[in-house]
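# Examining the three-dimensional arrangement
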Amino acid sequence: MGGIAAILVEDLDMAYGDFVLMRDLNFTVNRGDVFIIMGGSGCGKSTLLKILVGLKSPARGRVFFGDIDLWAADPKTREAIQRRFGILYQSGALWSSMTLAENIALPLQQYTKLTPGQVREVVALKLALVGLAGFEDFYPSEISGGMKKRAGLARAMALDPDILFFDEPSAGLDPVSSRLLDDLILELRESLKTTIVVVTHELASIFAIGNNSIYLDVEEKTITASGDPRKLRDDSPNSNVHKFLTRGEEGSHNE
Amino acid sequence: MNVSMDTTPAPPRLLATRPAADTLLLELSGSWRLTEPLPETDEVKGSIESSKNIGQIAFDTTRLGDWDSGLIIYLMRIFDACSKAGIQVDRKGLPEGVRRLMTLAAEVPERKGAKRGIQKEAFLSSLGGRAVDASRAAKDIIDFLGESFVAFGGLLKGKATFRRADLLLLIEECGLQALPIVSLISLLVGLILAFVGAIQLKLFGAQVYVADIVAIAMVRVMGAIMTGIIMAGRTGAAFAAQIGTMQVNEEIDALKTMGISPVDFLVLPRMIALIIMMPLLCIYADLMGIIGGLIVGVGMLNINPIEYLNRTQETLTLTTFWIGLFHSAVFGVLVAMAGCLRGMQCGRSASDVGYAATSAVVTGIVSIIIATAIITFMCEVLGL
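This report concerns the structure included in the present document. On a predicted model such as this, the values are computed, not experimentally measured, just so you know.

Conventions we followed
- As a convention, each chain's residues are numbered from 1 in the sequence order in which they are written.
- Following the order in which they are written, the chains are lettered starting with A and the ligands numbered starting with 1.
- Residue-level local features of this predicted model are given only where pLDDT is at least 70; pairs of side-chain atoms are given and counted only at 80 or more, and the full residue set underlies all totals for whole chains, interfaces and linings.
- Between any two strands, at least two bridges found by DSSP are needed for them to pair.
- A run of DSSP states H or I qualifies as a helix once it reaches four residues; a run of E qualifies as a strand once it reaches two. Both are numbered from the N-terminal end.
- Note that contacts rest on C-beta atoms placed from the backbone: two residues are in contact if these are within 7 Å.
- To get an axis, fit a line to the C-alpha atoms, keeping to the stretch in contact for a helix; angles then go from 0 to 180 degrees between the N-to-C directions.
- Each residue after the first adds 1.5 Å to the expected span of a helix.
- Connectivity within a nonpolar core runs through C-beta atoms within 7 Å, and the core itself is a set of buried Ala, Val, Leu, Ile, Met, Phe, Trp, Tyr and Cys residues.
- We call a residue exposed when 12 or fewer other C-beta atoms sit within 10 Å of its C-beta, buried when the count reaches 20 or more, and partly exposed for counts in between; the C-beta positions come from the backbone.
- Three categories are distinguished: nonpolar for Ala, Val, Leu, Ile, Met, Phe, Trp, Tyr, Cys and Pro, charged for Asp, Glu, Lys and Arg, and polar for the others, with Gly belonging to the last.

### A closer look at the sheet that holds strand β4 (residues 88–89) of chain B
Residues and elements named next belong to chain B. A sheet is described by the order of its strands in space; here four strands give the open sequence β1-β2-β3-β4, paired in mixed fashion. Two strands close off the open sheet at either side, each with one partner strand: β1 (13–17) and β4. The sheet strands contacting helix α2 (residues 69–85) are β2 (23–32), β3 (56–67) and β4, and the helix crosses β2 at an angle near 165°.

Below, the structure is given as structure tokens:
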């Protein structure tokens, strides 16, 4: 399905008040991509994600999903677009007063006509997919950080979204869990053909899952490189990008 | 699978055929999505259970359109029925994505002991559990009182660890910023007292004694009670919510592990702030109440303002004033304690914070009323 644009960003500027974070961002996320937004701390990766999902308005520019500009659309259309998203927030953002099952069931009850029995089955399936089978009746405060993140992913996947957004998925996870999450991301892309947008600076994840990427440069305040991250690592002419992707170990081409 | 949203998909259909004697072939067509109503499994289950000679089930999905989790939960139900009936399932006909997701879902087995059944408790054991909970709650309160007392001792020795800026900010928050609401409420209470009193006193032509009623009632107890209740609702709830949120964010844990006692750092400045500000607010409330009485006296009963003030001055003794101040200082401690205690006891979720705030207000108001009863009784005994 490659080549069809899922998200198209044109001439985007991001700013907080007068402080411009990034300007003139232009990029395309294709259907079925695992698209990585990378860059050093404070470069505006998470802000860009917020603009893409409709939480923060851009200073200038357009974000197209299909033919529709998210930020020019009327609220109803915007909501319809947002319903096709699944978002995994940095710390899971599970609703703390609901059990895991209730967390995942909420979007299902809101947007589908499933019977309570079917909702329970979908919830069980989603929890099983993220390796949390049987944890339906736990509250978010009773499980570990990594489990919260996986439960957050189960909730993000509840409605089988077309596009999944991940904000720092491997932050705070041990290497094995983080690897399992990467595998899960790839599996979702393969089996459900979900488009995936990931904000991260974990090199291992970037190379393991990403097939397309942009690099936000803090100094230049814009995108200085884009494409397959492995290719960027091996032959990007830009020294900052190269440094970032090799952890500053000049000349080394190993992960 | 990501077909654009506007095409209307074909409805999900299921056709069962028997190509071979021992095989049931399920032909799936149309779009199988969560958002669409899915066919019932009863029919398939029925034919699986009823016919004895089915050896295996196969699938034909050549005409299958979009699919998502809707299809998977449907298939899982059929698989369940098959494994119960001892029928083989041939997954070859299913789309690759479906097979992969089903394998993935089965990969991590349910962790033993994770599942929680609904436990029914016997009456006696639940009663016992409650008694244990109640004694634990009482112990918590006593622990908290003790810790606060020790913290006060530390303060007197100059060993408190809170920041002076915090204290000043708290004093401003619970003193200065409470003035508008305290003004309004006490003025109205003064008005009400005078109004209710006036109707009775008019019968005897003793209108001028309205000044006595208002002065004694406000200064001795009502000023303190009204400020106490206002502060319980305003500041006590805020304390509980602040400390509760810190509990949720593990900020209290961070203080503890840094060797800073949360009681010293959070509870002590709040108590000091309220103990200082409550009596001051109370004096202010007394004044506002007397002004409220004056308005009714002058406006409705045609008493001369000077006469009204003279009566007020004559009737008020220093003892009455001190009793009022004592009330308010006690209420300051109670409101601060209730707020901080409920905050420290707060659980780890958003609704726990709401519960802590509610419970701080309830505890604060109840303890204010009980304390008033005790103090009134003590004054009676002491003949004050």
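### Focus: helix α3 (residues 96–107) of chain B
Compared with the 16 Å implied by 1.5 Å per residue over twelve residues, the 16 Å span of α3 of chain B between its first and last C-alpha is a close match. Looking at the buried residues of α3 of chain B, the elements they touch are α4 (116–129) and α6 (175–192) of chain A together with β3 and α2 of chain B.

### Considerations on the nonpolar core
If you look at the biggest cluster of nonpolar residues, it comprises 90 residues, and the most contacted ones within it are I37, L127, A154, F165 and V197 of chain A. Ranked by the residues each element gives to this core, the list is headed by α4 of chain A, at eight residues. Each residue touching A154 of chain A, except ones within four places of it in the same chain, is listed here: I104, K126, L127, L129, V130 and L132 of chain A. Counting 68 residues, the second largest nonpolar core, distinct from the first, contains L170, M277, C340 and C346 of chain B.

### Examining the pairing of β2 of chain B
Residue and element names in this part refer to chain B. Pairing analysis gives five bridges linking β1 to β2, with the strands arranged antiparallel. Across the sheet, the residue bridging to R13 is S29, located in β2. Pairing of β2 with β3, which is carried by eight bridges, proceeds in the parallel orientation. Paired with L24 across the bridge in β3 is I57.

### A word on the sheet that holds strand β4 (residues 60–65) of chain A
Residue and element names in this part refer to chain A. On the basis of which strands lie adjacent, the open sheet formed by four strands has the order β2-β1-β4-β5 and antiparallel pairing. In this open sheet, the two edge strands, each paired with only one partner strand, are β2 (19–30) and β5 (68–69). Pairing of strand β1 (residues 5–16) with β2, which is carried by eight bridges, proceeds in the antiparallel orientation. Bridge pairing in β2 links Y16 to F19. Across the sheet, helix α1 (residues 45–53) lies against β1, β2 and β4, angled at about 125° from β1, the strand it touches most.

### A few points about the interface of chain A and chain B
How big an interface is tends to be expressed through the accessible area that disappears when the partners come together. Taken together, the contact pairs 27 residues of chain A with 26 residues of chain B. Counting residues per element, the ones that place at least two in the side of chain A that touches chain B are α4 and α6 of chain A. Ranked by the residues each element gives to the side of chain A that touches chain B, the list is headed by α4 of chain A, at six residues. Residue classes in the side of chain A that touches chain B are distributed as ten nonpolar, eight polar and nine charged.

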